[in-house]
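Coordinates in review
Now for the letters of each chain:
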Amino acid sequence: MKKCLFGLSIGMFALSMGSCNDSHSTYNGPDYVMFADTFQVCAVQDSETYYDVPVSATMAQSYDRNIGVEVVDKGTNAIEGRHFTLESNTLTIPAGQLSTAVRLRFGYDQFNDTDSLGVMLRLVTDKDKVWNEYGTDTKVVFQKSCPFNIDQFAGEKAYAKLTSTYFEEFMKGTSVILLRPIRSTDPKDAPNTIILPNFLYKGYDMKVEFDTTNPLRPELIWKPQIIGTTGEAFQGNVWGDNKLRAIQPQGAMSYYNVCQNYFLQYMTLYVEGVGTVGTYLNIVEWITEAEYRKLERELGIKK
């Protein structure tokens, strides 16, 4: 059982109003039932897990309350029975409780990596139980999120290629750089940290971490690093301490995609004591060994 990521927390407001303890109640108004949010996103990683879409009430009752759930055609572009399944079209809020949940299961293998599928759900209850300001609908969007495996991105069978907007300005004639990512063995690094040897320049590596905390936010984390010398980057002109440094720019997110085997990285380059060189976009794509060897031949790279 998993919970989806909430969007607009209108139901949380209602739930807090309905909270109570032995000494007092914070809400004395009508008894309303609603979804905890009007918009929710679920990261789907298999076809077996049920996801909870919370439903809340403003007051507890001394009896069980049964509520219907229906799929609304308008706002739904997923097919019931193929892309998603409702565990039940009937919910029960047990006596003395304030919440329950609609349970959904998704067809992981039935939609493509880039599909954006969603279902509009509606609670079916007495009209006097509907809080008109919030209504009884919620939109649930589900995104395919392939399970993360570090071996997919580093090791003997990991082959990748780098393309970058940096090439256009400072490495003219370079269209792609081939990479053999390896897993970091430094105990100070996070578990899902990899090293990309000779990232832009020979002898200077790039170290990045795949943050797997939130499947809906697959962030690429990396610390400021030295990625080359100014002499090599600027046609023999040495600036400052001759070290070209890279840092993650504020306001931009570097991220990875497990399903499609790539990461996208924004980097700002600077020379300490001199100033900023510019901000560039790197894309590292994992490829097959056959594709890697073909590129080696095309680029004239000797093994």
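Residues numbered from 1 in each chain as written. Predicted model: local features only at pLDDT ≥ 70, side-chain atom pairs only at ≥ 80, totals over all residues. Heavy atoms only, no water.

1. Here's the deal with the confidence of the model for the protein chain
Do not read the fine detail of predicted coordinates wherever pLDDT is low. Quick reminder of the rule: The quantity known as pLDDT measures the predictor's confidence residue by residue, on a range of 0 to 100. By the convention used here, residues are in contact when the closest approach between their heavy atoms is within 4.5 Å.
When pLDDT is averaged along the protein chain, the result is 89; 90% of the residues meet or exceed 70. Long-range and interchain partners of residues 8-24, a stretch whose pLDDT sits below 50, account for 35 contacts in this model, where long-range means more than four residues apart.

2. Some details on the nonpolar core
Quick reminder of the rule: The set of buried Ala, Val, Leu, Ile, Met, Phe, Trp, Tyr and Cys residues whose side-chain atoms join them within 4.5 Å is what this entry labels a nonpolar core. Buried residues are those whose accessible area, probed at 1.4 Å on protein chains only, stays under 20% of the maximum for their type, while exposed residues exceed 50% and partly exposed ones sit between those limits.
By size, the foremost hydrophobic cluster in this structure holds 64 residues, and its most contacted members are Phe 142, Tyr 166, Leu 200 and Leu 244. With near-sequence residues (within four places) excluded, Leu 200 lies in contact with Leu 162, Tyr 166, Phe 167, Met 171, Ile 177, Ile 227 and Met 267.

3. Examining the pairing of strand 15 (residues 193-196)
Convention followed: Secondary structure elements follow DSSP: runs of H or I of four or more residues count as helices, runs of E of two or more count as strands, with numbering from the N terminus. Any two strands with at least two DSSP-identified bridges between them are counted as paired.
In strand 15, alternate side chains face the same way, and those of Thr 193 and Ile 195 on one face and Ile 194 and Leu 196 on the other are all buried. Where strand 14 (residues 182-183) and strand 15 come together, 2 bridges link them in antiparallel fashion. For Arg 183, the partnering residue across the bridge sits in strand 15 and is Ile 194. Relative to strand 16 (residues 206-210), strand 15 is paired through 4 bridges, and the arrangement is antiparallel. Of the residues in strand 16, the one forming a bridge with Thr 193 is Glu 209.

4. Description of the pattern of salt bridges
So the rule is basically this: Counted as salt bridges are all cases of a side-chain nitrogen of Lys or Arg within 4 Å of a carboxyl oxygen of Asp or Glu.
In this structure the tally under the stated criterion is 11 salt bridges. Salt-bridge contacts for Lys 207 lead to Asp 189; the nearest nitrogen and oxygen are separated by 2.9 Å. With Lys 207 in strand 16 and Asp 189 in the loop between strand 14 and strand 15, the pair connects residues that are 18 residues apart, well separated along the chain. On the accessibility criterion, Lys 207 (28% relative accessible area) is partly exposed. One network of salt bridges, with partners in common, ties together Asp 52, Glu 87 and Arg 103.

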